[in-house]
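Here is how the chains run, residue by residue.
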Amino acid sequence: MNVLRFDSEAAWTQAIASLWRDRLRVKPDLKMCLPSGTTPVGVYAEMSRTAREGLVSFKNSSVFALDEFGGLAVDDPGRTSHTLQRQLMDSIDLPRSGFHVLDPDNENIAAHCAAYDVAIGTGFDLVLLGIGLNGHLGMNEPGSALDRGTSRVELHPSTVQSSARYFTHHNLPQWGLTVGLKSLLDASEVWVLAKGSAKARIVADTVRGDIGPSNPASLLRRHPNAWLFLDDAAGALLDAR
Ligand code: PGA
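Scope of this entry: the structure provided in the associated data block. As the structure is a computational prediction, the values presented were derived from the model and not from experiment.

Thoughts on the packing of aromatic side chains
Next, step 1: In the structure shown here, the tally under the stated rule is 9 aromatic pairs.
Next, step 2: Among the aromatic residues, those joined into a cluster by ring pairs are Phe6, Trp191 and Phe229.
Next, step 3: Positioned over the ring face of Trp175 is Arg152, at 3.8 Å from the centre of the ring.

Here we look at the environment of Asn134
Next, step 1: Tracing the backbone through its elements, the reader meets Asn134 in the loop between β6 (126-129) and β7 (151-154).
Next, step 2: A residue is classified by how much of its surface remains accessible, and Asn134, at 17% relative accessible area, is buried.
Next, step 3: Residues Asn134 and Pro216 lie 82 residues apart in sequence; the distance between their C-alpha atoms is 8.5 Å.
Next, step 4: Apart from residues no more than four positions distant in its own chain, Asn134 is found in contact with Glu141, Pro142, His156, Ser158, Thr159, Ile202, Ser214, Asn215 and Pro216.
Next, step 5: A polar contact of 3.0 Å, which involves the side chain of Asn134, links it to the backbone nitrogen of His136.
Next, step 6: Side-chain polar atoms of Asn134 contact the side chain of Glu141, separated by 3.0 Å.

A few points about the sheet that holds strand β4 (residues 67-69)
Next, step 1: Across the sheet, 3 strands lie side by side as β4-β8-β7; this open sheet has antiparallel pairing. Each having just a single partner strand, β4 and β7 make up the two edges of the open sheet. Direction aside, the axes of adjacent strands within the sheet are offset by 25 degrees on average.
Next, step 2: Here 4 bridges tie β7 to strand β8 (residues 175-178), and the two strands are oriented antiparallel to one another.

Looking at the site of the ligand
Next, step 1: Close to the ligand lie Gly37, Thr38, Thr39, Ile131, Gly132, His136, Arg165, Tyr166 and Lys199, which account for all nearby residues.
Next, step 2: A distance of 2.7 Å separates an oxygen atom of the ligand from a polar atom in the side chain of Arg165.
Next, step 3: Between the ligand and the protein, one listed contact pairs an oxygen atom with a side-chain N or O atom of Lys199 at 2.6 Å.
Next, step 4: When the ligand sits alone it has 280 Å² of accessible area, and the protein chains cover 88% of it.
Next, step 5: In this structure, the ligand is accommodated by the largest pocket.
Next, step 6: Residue composition of the shell around the ligand, grouped by class: 2 nonpolar, 5 polar and 2 charged.

Overview of the packing of helix α1 (residues 9-26) against helix α2 (residues 41-52)
Next, step 1: As a packed pair, α1 and α2 sit with axes 9 Å apart at the nearest point and diverge in direction by 50 degrees. Classed by the angle they form, the pair α1 and α2 counts as oblique. When you trace α1 past α2, the crossing you get is right-handed. Of α2, the residues touching α1 (which contributes Trp12, Thr13, Gln14, Ile16, Ala17, Trp20, Arg21 and Leu24) are Gly42, Val43, Tyr44, Glu46, Met47 and Thr50.
Next, step 2: Its residues assigned to classes, the contact of α1 with α2 comprises 8 nonpolar, 4 polar and 2 charged.

Quick look at the environment of Ala233
Next, step 1: Structurally, Ala233 can be placed in the segment after β10 (226-231).
Next, step 2: Accessibility expressed as a relative area gives 29% for Ala233, which makes it partly exposed.
Next, step 3: Separated by 37 residues in sequence, Ala233 and Gly196 have C-alpha atoms that sit 4.9 Å apart.
Next, step 4: Setting aside residues up to four positions removed in sequence, Ala233 forms contacts with Gly196, Ser197 and Ala200.

Concerning the nonpolar core
Next, step 1: Ranked by size, the top nonpolar core spans 62 residues in total, and within it Trp20, Met32, Leu34, Met47, Phe58, Leu129 and Leu184 carry the most contacts.
Next, step 2: When neighbours within four sequence positions are excluded, Leu129 is seen to be in contact with Pro35, Leu66, Leu137, Gly138, Leu184, Val190, Trp191, Val192, Leu193 and Leu220.
Next, step 3: With 8 residues, the next largest nonpolar core counts Phe69, Val153, Leu155 and Leu172 among its residues.

Basis of the calculations
Residues numbered from 1 in each chain as written. Predicted model: local features only at pLDDT ≥ 70, side-chain atom pairs only at ≥ 80, totals over all residues. Heavy atoms only, no water. Phe/Tyr/Trp six-rings, centres within 6.5 Å; stacked < 30°, edge-to-face > 60°. Lys NZ or Arg CZ within 6 Å of the ring centre and 35° of its normal. Helix = DSSP H or I, 4+ residues; strand = E, 2+ residues; numbered from the N terminus. Buried < 20%, exposed > 50% of the residue type's maximum accessible area, 1.4 Å probe, protein only. Contact = heavy atoms within 4.5 Å. Polar contact = N/O pair within 3.5 Å; in protein donor to acceptor, adjacent residues only side chain to side chain. Pairing = 2+ DSSP bridges. Axes fitted to C-alpha atoms, helices over the stretch in contact; angles between N-to-C directions. Near = heavy atom within 4 Å. Areas by Shrake-Rupley, 256 points an atom, 1.4 Å probe, with all protein chains shown as cover. 1 Å grid on protein atoms, 1.4 Å probe; cavity = no way out; pocket = protein on both sides within 12 Å on 5 of 7 lines; lining within 4 Å. Sits in = over half its atoms within 2 Å of the grid points. Nonpolar A, V, L, I, M, F, W, Y, C, P; charged D, E, K, R; others polar. Parallel < 35°, antiparallel > 145°, perpendicular 65-115°, else oblique. Left-handed = near helix turned anticlockwise from the far one by under 90°. Core = buried A, V, L, I, M, F, W, Y, C linked by side-chain atoms within 4.5 Å.

Next comes the structure, spelled out in structure tokens:
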């Protein structure tokens, strides 16, 4: 895993957006998997701004939502699909047919998840991920099987608790649908984005700790093309020893 550290959040944001634009220029039909969450908000804003200025096009690419919360109203603004729609899709030229989302209300979840994996097909060119405080990737919590495809999963109690910041109500989701570790680990390129001091501990564990399913993010150390983008605060504990 390649670790890239930036002096400021602004530099972190610009670097990620610049590399992302580059990937789209080199491969306009880039197949991406994208997260919601607080971490990528600034990156999505920068991609939106540059897309509006015509500096980047998503026209021939495709985007798969990384996950989706279950048990929420269809129009809950905290759902992953709505968040991605607002923060990125509304500003880019990706055709509606190129935006794939998970539907936790589907009456046949197993078939729906299997169809998502079929649509992912040969795999992602680029996966962007945040990192959970417990190392989860998407909704792949510690202990998740490495060969799992897209599936319904229960959220860890700490994940439920930290999801409160995405919602304006107290009906916090206890489960969700997520792209499985298999597709994440099989991707051609994976970028893990982490910023802020709250992530410093899990970042240090991910870079220096044991590799194994108890910290899903650590598994990316075996990936040939995984990148960890850190701002100064998220990388702070890497200097500690
Ligand atoms: P965050 O979430 O970007 O809101 O910190 C990341 C995660 O929990 O996967």
